[in-house]
Amino acid sequence: MDSCEFWIPAVCRTCKIIVLGDAGVGKTSLTHLYCTGKFPEKTDSTIGVDFRERLVHVGGDKIKVQLWDTAGQERFRKCMVQHYYRNVHAVVFVYDVTNAASFRSLPFWMEECQQHMLGPDVPRVLVANKADLVTVASTIEQARHLAEVHSMPFYVFSAKGGSKEQVDTIFSKLVLQASKQRRKKPEPARSIKLPSKANAVEEKKDKWTCNC
Ligand SMILES: Nc1nc2c(ncn2[C@@H]2O[C@H](COP(=O)(O)OP(=O)(O)OP(=O)(O)O)[C@@H](O)[C@H]2O)c(=O)[nH]1
(Lines give C-alpha, C1' and ligand atoms only; values in the text may rest on other atoms or scores of the structure.)
Protein backbone atom coordinates (compact mmCIF):
# COMPACT_ATOMS: atom_id res chain seq x y z
CA MET A 1 0.00 0.00 0.00
CA ASP A 2 1.23 3.46 -0.82
CA SER A 3 1.49 5.74 2.15
CA CYS A 4 0.89 9.45 2.70
CA GLU A 5 4.11 11.42 2.89
CA PHE A 6 3.79 13.09 6.29
CA TRP A 7 5.35 16.40 5.25
CA ILE A 8 3.05 16.99 2.26
CA PRO A 9 -0.21 18.85 2.97
CA ALA A 10 -2.36 16.02 4.26
CA VAL A 11 -5.28 16.26 1.88
CA CYS A 12 -6.64 13.53 -0.30
CA ARG A 13 -9.94 12.50 -1.79
CA THR A 14 -11.98 9.48 -0.92
CA CYS A 15 -13.46 7.21 -3.55
CA LYS A 16 -16.20 5.00 -2.15
CA ILE A 17 -16.67 1.74 -4.02
CA ILE A 18 -19.32 -0.79 -3.06
CA VAL A 19 -18.80 -4.46 -3.86
CA LEU A 20 -22.03 -6.36 -4.51
CA GLY A 21 -22.91 -9.99 -5.19
CA ASP A 22 -24.34 -13.13 -3.65
CA ALA A 23 -22.93 -14.72 -0.51
CA GLY A 24 -19.72 -16.64 -1.02
CA VAL A 25 -18.83 -15.29 -4.48
CA GLY A 26 -15.54 -13.88 -3.20
CA LYS A 27 -16.19 -10.20 -2.41
CA THR A 28 -14.13 -10.30 0.78
CA SER A 29 -11.33 -12.22 -0.95
CA LEU A 30 -11.22 -9.77 -3.85
CA THR A 31 -11.15 -6.65 -1.70
CA HIS A 32 -8.60 -8.22 0.63
CA LEU A 33 -6.34 -9.04 -2.31
CA TYR A 34 -6.58 -5.47 -3.59
CA CYS A 35 -5.82 -3.89 -0.23
CA THR A 36 -3.19 -6.30 1.12
CA GLY A 37 -1.83 -8.04 -1.97
CA LYS A 38 -2.79 -11.42 -0.47
CA PHE A 39 -5.60 -13.93 -0.83
CA PRO A 40 -7.02 -14.48 2.67
CA GLU A 41 -6.61 -18.05 3.89
CA LYS A 42 -9.87 -17.91 5.78
CA THR A 43 -12.92 -15.66 5.48
CA ASP A 44 -16.13 -15.51 7.49
CA SER A 45 -19.50 -14.44 6.13
CA THR A 46 -19.61 -10.67 6.12
CA ILE A 47 -22.11 -9.26 8.59
CA GLY A 48 -23.43 -5.87 7.56
CA VAL A 49 -20.36 -4.42 5.90
CA ASP A 50 -16.56 -4.53 6.15
CA PHE A 51 -14.36 -1.64 5.13
CA ARG A 52 -10.97 -1.82 3.52
CA GLU A 53 -8.88 1.09 2.32
CA ARG A 54 -5.94 1.73 0.12
CA LEU A 55 -4.23 4.94 -0.83
CA VAL A 56 -3.41 5.31 -4.52
CA HIS A 57 -2.08 7.99 -6.83
CA VAL A 58 -4.18 8.67 -9.90
CA GLY A 59 -3.10 11.28 -12.43
CA GLY A 60 -1.23 13.30 -9.81
CA ASP A 61 -4.04 13.08 -7.26
CA LYS A 62 -3.88 11.17 -4.02
CA ILE A 63 -7.03 9.11 -3.60
CA LYS A 64 -8.16 7.04 -0.67
CA VAL A 65 -10.00 4.08 -2.16
CA GLN A 66 -12.56 2.99 0.38
CA LEU A 67 -14.05 -0.42 -0.37
CA TRP A 68 -17.36 -1.35 1.16
CA ASP A 69 -17.40 -5.13 1.22
CA THR A 70 -21.12 -5.78 1.64
CA ALA A 71 -22.78 -8.89 3.04
CA GLY A 72 -24.21 -11.23 0.41
CA GLN A 73 -26.67 -12.83 2.77
CA GLU A 74 -29.94 -10.98 3.04
CA ARG A 75 -30.25 -11.47 6.81
CA PHE A 76 -26.82 -9.82 7.32
CA ARG A 77 -27.41 -6.86 5.07
CA LYS A 78 -30.95 -5.53 5.36
CA CYS A 79 -30.26 -3.13 8.24
CA MET A 80 -27.28 -1.66 6.36
CA VAL A 81 -28.57 -1.26 2.82
CA GLN A 82 -29.38 2.44 3.11
CA HIS A 83 -25.82 3.15 4.27
CA TYR A 84 -24.15 1.23 1.45
CA TYR A 85 -25.70 3.43 -1.16
CA ARG A 86 -24.91 6.87 0.21
CA ASN A 87 -22.49 8.80 -1.98
CA VAL A 88 -21.18 5.87 -3.95
CA HIS A 89 -18.58 6.68 -6.60
CA ALA A 90 -18.27 3.26 -8.23
CA VAL A 91 -19.66 -0.27 -8.07
CA VAL A 92 -18.09 -3.73 -8.45
CA PHE A 93 -20.48 -6.59 -9.20
CA VAL A 94 -19.09 -10.03 -8.46
CA TYR A 95 -20.41 -13.47 -9.28
CA ASP A 96 -18.92 -16.94 -8.95
CA VAL A 97 -18.32 -18.83 -12.22
CA THR A 98 -19.02 -22.14 -10.46
CA ASN A 99 -22.37 -20.92 -9.17
CA ALA A 100 -24.91 -20.17 -11.90
CA ALA A 101 -27.41 -18.87 -9.35
CA SER A 102 -24.97 -16.09 -8.44
CA PHE A 103 -24.92 -15.12 -12.13
CA ARG A 104 -28.73 -15.13 -12.28
CA SER A 105 -28.77 -12.81 -9.25
CA LEU A 106 -26.88 -10.06 -11.06
CA PRO A 107 -30.04 -8.32 -12.33
CA PHE A 108 -31.21 -8.17 -8.71
CA TRP A 109 -28.02 -6.34 -7.66
CA MET A 110 -28.26 -3.97 -10.61
CA GLU A 111 -31.88 -3.28 -9.84
CA GLU A 112 -31.02 -2.53 -6.22
CA CYS A 113 -28.47 0.04 -7.42
CA GLN A 114 -31.12 1.65 -9.58
CA GLN A 115 -33.59 1.75 -6.69
CA HIS A 116 -30.98 3.66 -4.71
CA MET A 117 -30.52 6.23 -7.44
CA LEU A 118 -27.20 5.00 -8.78
CA GLY A 119 -27.51 6.05 -12.40
CA PRO A 120 -25.51 4.83 -15.39
CA ASP A 121 -23.04 7.68 -14.81
CA VAL A 122 -21.67 5.79 -11.78
CA PRO A 123 -18.82 3.63 -13.13
CA ARG A 124 -19.19 -0.11 -12.60
CA VAL A 125 -17.47 -3.35 -13.52
CA LEU A 126 -18.45 -6.99 -13.55
CA VAL A 127 -16.08 -9.60 -12.16
CA ALA A 128 -16.55 -13.31 -12.89
CA ASN A 129 -14.63 -14.71 -9.93
CA LYS A 130 -13.15 -18.15 -9.12
CA ALA A 131 -11.87 -18.59 -12.67
CA ASP A 132 -9.37 -21.11 -11.29
CA LEU A 133 -12.35 -23.47 -10.84
CA VAL A 134 -13.92 -22.78 -14.20
CA THR A 135 -16.02 -25.56 -15.74
CA VAL A 136 -17.12 -26.18 -19.32
CA ALA A 137 -20.72 -25.24 -18.55
CA SER A 138 -19.65 -21.89 -17.23
CA THR A 139 -21.65 -18.69 -17.59
CA ILE A 140 -18.71 -16.60 -18.79
CA GLU A 141 -20.00 -15.87 -22.31
CA GLN A 142 -23.42 -14.88 -20.96
CA ALA A 143 -21.75 -12.66 -18.38
CA ARG A 144 -19.61 -11.03 -21.06
CA HIS A 145 -22.79 -10.28 -23.00
CA LEU A 146 -24.52 -8.88 -19.90
CA ALA A 147 -21.54 -6.60 -19.26
CA GLU A 148 -21.63 -5.39 -22.87
CA VAL A 149 -25.34 -4.63 -22.68
CA HIS A 150 -24.70 -2.53 -19.57
CA SER A 151 -21.48 -0.97 -20.94
CA MET A 152 -19.39 -2.34 -18.11
CA PRO A 153 -15.84 -3.61 -18.32
CA PHE A 154 -15.81 -7.36 -17.69
CA TYR A 155 -13.06 -9.34 -15.97
CA VAL A 156 -12.69 -13.09 -15.62
CA PHE A 157 -10.65 -13.34 -12.47
CA SER A 158 -9.53 -15.52 -9.62
CA ALA A 159 -9.01 -13.87 -6.25
CA LYS A 160 -7.20 -17.06 -5.32
CA GLY A 161 -4.87 -17.36 -8.31
CA GLY A 162 -4.83 -13.75 -9.54
CA SER A 163 -1.87 -11.47 -9.07
CA LYS A 164 -1.73 -8.09 -7.37
CA GLU A 165 -1.13 -6.48 -10.78
CA GLN A 166 -4.29 -8.07 -12.20
CA VAL A 167 -6.50 -6.96 -9.33
CA ASP A 168 -4.92 -3.50 -9.51
CA THR A 169 -6.00 -3.28 -13.16
CA ILE A 170 -9.63 -3.90 -12.21
CA PHE A 171 -9.71 -1.25 -9.52
CA SER A 172 -7.38 1.38 -10.96
CA LYS A 173 -9.45 1.78 -14.13
CA LEU A 174 -12.56 2.10 -12.00
CA VAL A 175 -11.02 4.71 -9.71
CA LEU A 176 -9.76 6.67 -12.70
CA GLN A 177 -13.22 6.63 -14.27
CA ALA A 178 -14.85 7.64 -10.97
CA SER A 179 -12.47 10.55 -10.50
CA LYS A 180 -13.07 11.77 -14.07
CA GLN A 181 -16.80 11.44 -13.53
CA ARG A 182 -16.59 13.47 -10.38
CA ARG A 183 -14.69 16.27 -12.12
CA LYS A 184 -17.56 16.57 -14.59
CA LYS A 185 -20.12 17.10 -11.84
CA PRO A 186 -20.64 20.68 -10.63
CA GLU A 187 -19.85 21.39 -7.02
CA PRO A 188 -23.03 21.45 -4.91
CA ALA A 189 -24.33 24.92 -4.09
CA ARG A 190 -22.92 26.19 -0.84
CA SER A 191 -25.52 26.73 1.82
CA ILE A 192 -25.53 26.86 5.56
CA LYS A 193 -26.81 23.63 6.97
CA LEU A 194 -26.85 22.64 10.58
CA PRO A 195 -26.63 18.84 10.66
CA SER A 196 -28.34 16.96 13.42
CA LYS A 197 -26.08 15.07 15.78
CA ALA A 198 -27.31 11.75 14.39
CA ASN A 199 -26.28 12.73 10.86
CA ALA A 200 -22.97 14.25 11.78
CA VAL A 201 -20.93 11.04 11.56
CA GLU A 202 -22.48 10.05 8.24
CA GLU A 203 -21.98 13.58 6.88
CA LYS A 204 -18.30 13.41 7.74
CA LYS A 205 -17.91 10.11 5.86
CA ASP A 206 -19.56 11.53 2.76
CA LYS A 207 -16.97 14.23 2.13
CA TRP A 208 -14.50 13.84 -0.69
CA THR A 209 -11.70 15.43 1.22
CA CYS A 210 -10.10 13.80 4.18
CA ASN A 211 -7.04 14.10 6.36
CA CYS A 212 -4.96 11.01 6.20
N1 LIG B 1 -11.06 -21.37 -5.59
C2 LIG B 1 -11.37 -20.11 -5.27
N3 LIG B 1 -11.97 -19.84 -4.10
C4 LIG B 1 -12.29 -18.56 -3.81
C5 LIG B 1 -11.99 -17.49 -4.69
N6 LIG B 1 -12.43 -16.33 -4.12
C7 LIG B 1 -12.97 -16.66 -2.94
N8 LIG B 1 -12.89 -18.01 -2.75
C9 LIG B 1 -13.38 -18.77 -1.60
O10 LIG B 1 -14.81 -18.66 -1.58
C11 LIG B 1 -15.29 -18.60 -0.23
C12 LIG B 1 -16.12 -17.35 -0.02
O13 LIG B 1 -15.28 -16.22 -0.21
P14 LIG B 1 -15.61 -14.79 0.43
O15 LIG B 1 -14.56 -13.87 -0.07
O16 LIG B 1 -15.78 -14.91 1.91
O17 LIG B 1 -17.04 -14.51 -0.21
P18 LIG B 1 -18.02 -13.26 0.04
O19 LIG B 1 -18.63 -12.93 -1.26
O20 LIG B 1 -17.29 -12.16 0.73
O21 LIG B 1 -19.12 -13.89 1.02
P22 LIG B 1 -20.17 -13.11 2.03
O23 LIG B 1 -19.34 -12.30 2.97
O24 LIG B 1 -20.90 -14.22 2.73
O25 LIG B 1 -21.08 -12.30 1.18
C26 LIG B 1 -14.03 -18.66 0.66
O27 LIG B 1 -13.83 -20.00 1.06
C28 LIG B 1 -12.90 -18.21 -0.27
O29 LIG B 1 -11.65 -18.78 0.09
C30 LIG B 1 -11.32 -17.81 -5.93
O31 LIG B 1 -11.02 -16.96 -6.77
N32 LIG B 1 -11.05 -19.14 -6.16
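The following paragraphs examine the structure supplied in this document. (Residues numbered from 1 in each chain as written. Predicted model: local features only at pLDDT ≥ 70, side-chain atom pairs only at ≥ 80, totals over all residues. Heavy atoms only, no water.)

### With respect to the overall build of the protein
Along its length, the protein carries eight helices and seven strands. A total of 212 residues make up the protein; the buried ones form 48% of that total. Across the protein, the fraction of contacts at a sequence separation of at least 24, relative to all contacts at a separation of at least 6, is 76%. Accessible surface, the protein: about 11,900 Å² in total, of which carbon and sulfur atoms supply 56%. (Helix = DSSP H or I, 4+ residues; strand = E, 2+ residues; numbered from the N terminus. Buried < 20%, exposed > 50% of the residue type's maximum accessible area, 1.4 Å probe, protein only. Contact = heavy atoms within 4.5 Å. Areas by Shrake-Rupley, 256 points an atom, 1.4 Å probe, with all protein chains shown as cover.)

### As for the nonpolar core
Among the nonpolar cores identified, the biggest contains 29 residues, and I18, V91, F93, Y95 and L126 are the most heavily contacted of them. Only β1 (12-20), α3 (81-84), β4 (90-96), α5 (106-115), β5 (124-129) and α6 (140-149) provide two or more residues apiece to this core. (Core = buried A, V, L, I, M, F, W, Y, C linked by side-chain atoms within 4.5 Å.)

### A short note on unusual backbone geometry
Residues other than glycine seldom take positive phi values, yet M117 does so here, at roughly 65°. Considering the arrangement of structural elements, one finds M117 in the loop between α5 and β5. With a phi angle near 70°, K130 is a residue other than glycine that sits in the positive phi range. Relative accessible area serves as the criterion here: at 23%, K130 is assigned to the partly exposed category.

### What about the site of the ligand?
Taken together, the neighbourhood of the ligand is formed by 21 residues, with K27, T28, S29, T43 and T46 sitting nearest. In this structure, T46 approaches the ligand through a side-chain N or O atom, which is 2.7 Å from an oxygen atom. Starting from 650 Å² of accessible surface for the ligand in isolation, the protein chains cover 84%. At three residues, the largest contribution of residues to the shell around the ligand is made by helix α1 (residues 27-36). (Near = heavy atom within 4 Å. Polar contact = N/O pair within 3.5 Å; in protein donor to acceptor, adjacent residues only side chain to side chain.)

### Side note on α5
Note: α-helices contain 3.6 residues per turn, so residues at a spacing of three or four share the same orientation. Buried within α5 are the following residues: L106, W109, M110, E112 and C113. Considered in projection along α5, the buried side chains sweep an arc of 155° and stay on one side of the axis. Residues of α5 that are exposed and angled more than 90 degrees away from the buried face: Q114 and Q115. Once α5 finishes, M117 follows within two positions and takes phi at roughly 65°, a positive value. (Arc of directions from axis to C-beta.)

### Some words on the pairing of β4
Across the seven residues that make up β4, a large majority, seven, are buried. Here β4 shows no split at all, with A90, V92, V94 and D96 on one side and V91, F93 and Y95 on the other all buried. Bridge analysis of β4 against β5 gives six bridges, and the strand direction is parallel. For V91, the partnering residue across the bridge sits in β5 and is R124. (Pairing = 2+ DSSP bridges.)

### A few points about the pattern of salt bridges
The full count for this structure, using the stated rule, is nine salt bridges. For K42, the salt bridge is made with D44, and the minimal N-O distance between the two is 2.8 Å. Take K42: its relative accessible area is 63%, and that puts it in the exposed class. By relative accessible area, D44 is classed as exposed at 57%. In this structure, the salt-bridge partner of R52 is D69, at a minimum N-O distance of 3.0 Å. Taken together, the positions of R52 in strand β2 (residues 49-58) and D69 in strand β3 (residues 61-70) put the pair 17 residues apart, joining distant regions of the chain. What makes R52 buried here is its relative accessible area of 15%. (Salt bridge = Lys/Arg side-chain N within 4 Å of Asp/Glu carboxyl O.)

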